[in-house]
Amino acid sequence: MLRTAIRRAASARPARRTLSEASITVDFPGAYTAHLGDEPAATAETNKTELLEYFKTMYTMRRMELMCDDQYKKREIRGFCHLYDGQEAVGTGIQAALSPEDSWITSYRCHCIALARGGSVEGVLAELMGRSHGQTGGIGGSMHFYNKKENFFGGQGIVGAQVPVGTGLAFANKYKTPLGEPMPVAIGCYGDGAANQGQIWESMNMAALWKLPMIFCIENNQYGMGTSIARHSCNNDYYTMGNVIAGLKMDGMNVLSVREGMKHVRDYVSQGNGPMVVEMSTYRYHGHSMSDPGKIYRDGAEVKAMRENNDPIKNVRQLLLGHTDATEDELNTIEKNIRAEVEAARDRALAGSTPSSTDDLVRNIYLDEHGKDVPQSYIRLPDYEKSIRA
């Protein structure tokens, strides 16, 4: 459960300050466990405006993912589809702690991270439906979102493959930063099921040797596909997996503990201290993907208990109702409006068109020495007779 203590800021509130701006202090004892380093203070300063923003962001993520579920079952979305509902506090808290200059790369469970990093609900849904106005033109699909302008680099379809790329982003950030100055950081998110991959260990070794500003972030949602962490990893303390690399475990169901913890981590790695391994203790409500009902390896009572006792959106809702002047009616109206916005985004996505010609398939593969796109004259398809020839 969310363990918090709330106290009003000690200083007197200025006369002009509105209730939305009034500061409250939230304590969350036990939210952090450190390895070879210090734990951040388990406390956060916040206010109604900020909490409402987190509430809206996470509820939008939730409704968007539930819409993906609905459209997948209606066969408007096909192929692989991995949903993020239950883990919203992780993506929202990380985004609140990072700077726009920081690089972010993640796994195939990436819809909500794409949304946090400058995307839109319509852009996400349209991409999943293969529409040309999707975030990556309808040719990337569920696992391959990308937004270089916002320093979001995917979306990777291969388990763990994003981590070496993230380490390369960290190398680039260090390389481009003048000596002695704070560096933009890179964060590579991956699941507990990927945590024992060799390419991740190699990336950690390289990052430690070169003191790269890299955050290795394990989103531990308790199951690697359909296998519990107790059965698929000999070390369930994922934050210690860096051996000589500092690590931090944090409550991934509390957006404020994620935000404050990641501020601490970002400050550490950006100052030239080398990488850090972060473990987010979180939970996914859906199965591993839409092809997994998520019922064989866990029972419904477990999921129900998590929804009732430690849901990340419900946690923020309780803070708003208990410690600001927010009302049930106000929050219900926000939820209603967001549901309507997501439904409207679905309708616009469905109304879009699919890529209209093979021209869309032969571009964005190679660049020349000037950075100009070079369309390819031949692309081999599984059915040789259908291969694309210019």
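The structure presented is a predicted model; accordingly, all values stated were derived computationally and were not measured.

About the criteria used
Residues numbered from 1 in each chain as written. Predicted model: local features only at pLDDT ≥ 70, side-chain atom pairs only at ≥ 80, totals over all residues. Heavy atoms only, no water. Salt bridge = Lys/Arg side-chain N within 4 Å of Asp/Glu carboxyl O. Helix = DSSP H or I, 4+ residues; strand = E, 2+ residues; numbered from the N terminus. Buried < 20%, exposed > 50% of the residue type's maximum accessible area, 1.4 Å probe, protein only. Axes fitted to C-alpha atoms, helices over the stretch in contact; angles between N-to-C directions. Parallel < 35°, antiparallel > 145°, perpendicular 65-115°, else oblique. Left-handed = near helix turned anticlockwise from the far one by under 90°. Contact = heavy atoms within 4.5 Å. Nonpolar A, V, L, I, M, F, W, Y, C, P; charged D, E, K, R; others polar. pLDDT = per-residue confidence, 0-100. Polar contact = N/O pair within 3.5 Å; in protein donor to acceptor, adjacent residues only side chain to side chain. Phe/Tyr/Trp six-rings, centres within 6.5 Å; stacked < 30°, edge-to-face > 60°.

Chemist: Explain the pattern of salt bridges here, please?
Modeler: Enumeration according to the criterion identifies 14 salt bridges in this entry. Of the charged contacts, one joins E50 and R259 as a salt bridge, the two residues approaching to 2.7 Å between their closest N and O atoms. In this pair, E50 is assigned in helix α1 (residues 48–73) and R259 in helix α8 (residues 255–270), connecting sequence segments 209 residues apart. Using a relative accessible area of 26% as the deciding quantity, one classes E50 as partly exposed. Its relative accessible area of 4% is what places R259 among the buried residues. Taking the shortest distance from any N to any O, the salt bridge between D69 and K73 comes out at 3.1 Å. Within this pair, D69 and its partner K73 are both found in helix α1, separated by four residues, close to a single helical turn.

Chemist: What is the right way to read the packing of α1 against helix α11 (residues 328–351) from this model?
Modeler: In helix packing, the relevant descriptors are the interaxial angle and the interaxial distance, both defined with respect to the helix axes. The interhelical angle for the contact between α1 and α11, taken along N-to-C directions, is 40°, at an axis separation of 9 Å. Between α1 and α11, the interaxial angle falls into the category oblique. In terms of crossing hand, the pair formed by α1 and α11 is right-handed. Contacts between α1 and α11 involve K48, L52, F55, K56, Y59, T60, R63, M64, M67 and Q71 from the first element and E330, L331, I334, E335, I338, R339, V342, E343, R346 and L350 from the second. Here the contact of α1 with α11 is composed, by residue class, of 10 nonpolar, two polar and eight charged.

Chemist: Explain the environment of H286 to me, please; I cannot follow it from the model alone.
Modeler: Summarising the element assignment, H286 is placed in the loop between β11 (276–281) and α9 (300–310). On a C-alpha basis, the gap between H286 and G86 in space is 8.2 Å, while along the polypeptide they are 200 residues apart. The contacts of H286, once residues within four sequence positions are left out, are L66, D69, L83, D85 and R298.

Chemist: Is there a simple way to explain the confidence of the model for the protein chain in this structure?
Modeler: Detail in the predicted coordinates should be disregarded across regions flagged by low pLDDT. In the predicted model, the protein chain carries a mean pLDDT of 93, and 95% of its residues have values of at least 70. Long-range and interchain partners of residues 8–17, a stretch whose pLDDT sits below 50, account for 10 contacts in this model, where long-range means more than four residues apart.

Chemist: Would you mind showing me how to read the side chain of Q162 here?
Modeler: By secondary structure assignment, the location of Q162 is in helix α5 (residues 162–176). A distance of 2.8 Å separates the side chain of Q162 from the backbone oxygen of C189, its partner in a polar contact. Setting aside residues up to four positions removed in sequence, Q162 forms contacts with I105, T106, S107, Q156, C189 and Y190.

Chemist: Which parts of the structure should I look at to understand unusual backbone geometry?
Modeler: Across the chain, the bulk of peptide bonds are trans and the bulk of non-glycine residues have phi less than zero. Omega for the bond connecting G154 with G155 falls within 30 degrees of zero, at 20°, which places this linkage in the cis form. By the element assignment, G155 lies in the loop between α4 (121–128) and α5. Its identity as a non-glycine residue notwithstanding, R75 has a phi of 65°, on the positive side. For R75, the location among the structural elements is in the loop between α1 and α2 (88–97).

Chemist: Can you help me understand the packing of aromatic side chains in this one?
Modeler: All chains considered together, the criterion is met by seven aromatic pairs. Ring centres 6.2 Å apart and planes at 10° place the aromatic pair F55 and Y59 in the stacked group. Separated by four residues within a single helix, F55 and Y59 lie in helix α1, roughly one turn from each other. Each member of the pair, F55 as well as Y59, carries the same accessibility label: buried.

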